[in-house]
Amino acid sequence: MTAQAESTNPYAMLQEVATITFDRIKREHEDIQKDPELLRKVMEEELLPHVDYKFSALKVLGKHYKIVPKEQFPEYISVFRSYLITTYALAMAYYNGQEVEFQPVREVTDETTVTVRAIVKEPGKPDINLAFKLRKNKKTDEWKAYDMVAEGISLLSTKQGEFESMLRKDGLDAVMDMMKQTINKPINLEAAKKV
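Residues numbered from 1 in each chain as written. Predicted model: local features only at pLDDT ≥ 70, side-chain atom pairs only at ≥ 80, totals over all residues. Heavy atoms only, no water.

Next up on the list: the pattern of salt bridges. One pass over the structure, following the stated rule, counts 13 salt bridges. Here Arg40 and Glu37 are joined by a salt bridge, their closest N and O atoms 2.5 Å apart. Across the pair Lys121 and Asp127 runs a salt bridge, and its minimum N-O distance is 3.6 Å. Accessibility expressed as a relative area gives 26% for Lys121, which makes it partly exposed. Shared partners join several salt bridges into a network, and the residues in it are Arg24, Glu28, Glu45 and Glu46. (Salt bridge = Lys/Arg side-chain N within 4 Å of Asp/Glu carboxyl O. Buried < 20%, exposed > 50% of the residue type's maximum accessible area, 1.4 Å probe, protein only.)

Structure below.
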């Protein structure tokens, strides 16, 4: 596949980004064990450039999107970006070199959203099914991920459910405070592996 095709094919792009991210975690495993905060740096540098965190942030608001004051959006999106980095770092804390098998790359024609599936395999343990949802930006034609689904549980849907009643009762400030609490907690590898 040509470099041009890889940049416009979401299957190839996601496989490449995930492989680079997993390889870096494996390569820096010792350093991450000493300083788990490095996982945030890996997520920000390797994964986040390929995540449409603005779209995800707004999608998590659901129907509350319409009632949030527009002047709060920049701060909310900034906090959500940091929260997403932390969430992905915690999700990757379990990874220590397991085999990741991606579905074969296929051609994409007129689709504007796709789901790329992967399986994490570890001898003696059940396989973990992952799916990454990607969307094509109408303005840039760039593919970016906006949701990760692990064993059928959508990160976006989960967060939307968590935020729903808080948004309704206490507003966006309460949601941002909750996200900041998560962001400010140090990454604990052992606790993250149990989740």
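What follows concerns the nonpolar core. Core analysis: the biggest nonpolar cluster contains 56 residues, and Leu39, Met43, Tyr76, Leu134 and Met179 have the highest contact counts within it. Per-element accounting of this core gives the leading share, 11 residues, to helix 6 (residues 73–92). Other than its neighbours up to four places away in sequence, Met43 contacts Thr21, Ile25, Leu48, Ile85, Tyr88, Ala89 and Met92. (Core = buried A, V, L, I, M, F, W, Y, C linked by side-chain atoms within 4.5 Å. Helix = DSSP H or I, 4+ residues; strand = E, 2+ residues; numbered from the N terminus. Contact = heavy atoms within 4.5 Å.)

For the rest of this paragraph, the subject is the side chain of Asp52. Topologically, Asp52 is positioned in the loop between helix 4 (38–47) and helix 5 (53–61). A polar contact is formed between the side chain of Asp52 and the side chain of Arg135, at a distance of 2.6 Å. The contacts of Asp52, once residues within four sequence positions are left out, are Arg135, Lys144, Ala145 and Tyr146. (Polar contact = N/O pair within 3.5 Å; in protein donor to acceptor, adjacent residues only side chain to side chain.)

Counted under the stated rule, the structure contains six aromatic pairs. Pairing Tyr65 with Phe73 gives two aromatic rings, centres 5.4 Å apart and planes at 20°, and the pair type is stacked. Taking the relative accessible area as the measure of exposure, Tyr65 reaches 34% and is therefore partly exposed. By relative accessible area, which is 10% here, Phe73 ends up buried. Residues Phe80 and Tyr83 carry aromatic rings whose centres are separated by 6.4 Å and whose planes lie at 45° to one another, so their mutual orientation is tilted. In this pair, Phe80 and Tyr83 are both assigned in helix 6, three residues apart and thus about one turn of the helix distant. Here a set of aromatic residues connected by ring pairs shows up, and it is made of Tyr76, Phe80, Tyr83 and Phe163. Positioned over the ring face of Tyr65 is Lys70, at 4.9 Å from the centre of the ring. Of note, Arg81 hangs over the ring of Tyr53, and the distance from its end group to the ring centre comes to 5.6 Å. (Phe/Tyr/Trp six-rings, centres within 6.5 Å; stacked < 30°, edge-to-face > 60°. Lys NZ or Arg CZ within 6 Å of the ring centre and 35° of its normal.)

Note that Asp147 resides in strand 4 (residues 143–150). An unpaired buried charge is present at Asp147: no salt bridge exists, and Lys133, the closest side chain of opposite charge, is 4.8 Å distant. At 3.0 Å, the side chain of Asp147 and the backbone nitrogen of Leu156 are in polar contact. Other than its neighbours up to four places away in sequence, Asp147 contacts Ala131, Phe132, Lys133, Ser154, Leu155 and Leu156. (Lys, Arg positive; Asp, Glu negative; His and termini not counted.)

Quick look at the packing of helix 6 against helix 8 (residues 172–184) now. Where helix 6 meets helix 8, the axes come as close as 9 Å, and the angle between the chain directions of the two elements is 35°. The chirality of how helix 6 crosses helix 8 is left-handed. Facing helix 6, whose interface residues are Glu75, Tyr76, Val79, Phe80, Ser82, Tyr83 and Thr86, helix 8 presents Leu172, Met176, Met178, Met179, Lys180, Thr182 and Ile183. Split by residue class, the contact of helix 6 with helix 8 holds nine nonpolar, three polar and two charged. (Axes fitted to C-alpha atoms, helices over the stretch in contact; angles between N-to-C directions. Left-handed = near helix turned anticlockwise from the far one by under 90°. Nonpolar A, V, L, I, M, F, W, Y, C, P; charged D, E, K, R; others polar.)

Attention now goes to the sheet that holds strand 2 (residues 113–121). Consider a sheet: its strands pair through backbone hydrogen bonds, and that pairing is either parallel or antiparallel. Read across the open sheet, the five strands follow the order 1-2-3-4-5; overall the sheet is antiparallel. Two strands bound the open sheet, and with one partner strand each, they are strand 1 (99–102) and strand 5 (153–154). Here two bridges tie strand 4 to strand 5, and the two strands are oriented antiparallel to one another. Among the inter-strand pairings, Ala150 is bridged to a residue of strand 5, identified as Ile153. (Pairing = 2+ DSSP bridges.)

Nothing here speaks to function; it is geometry throughout.
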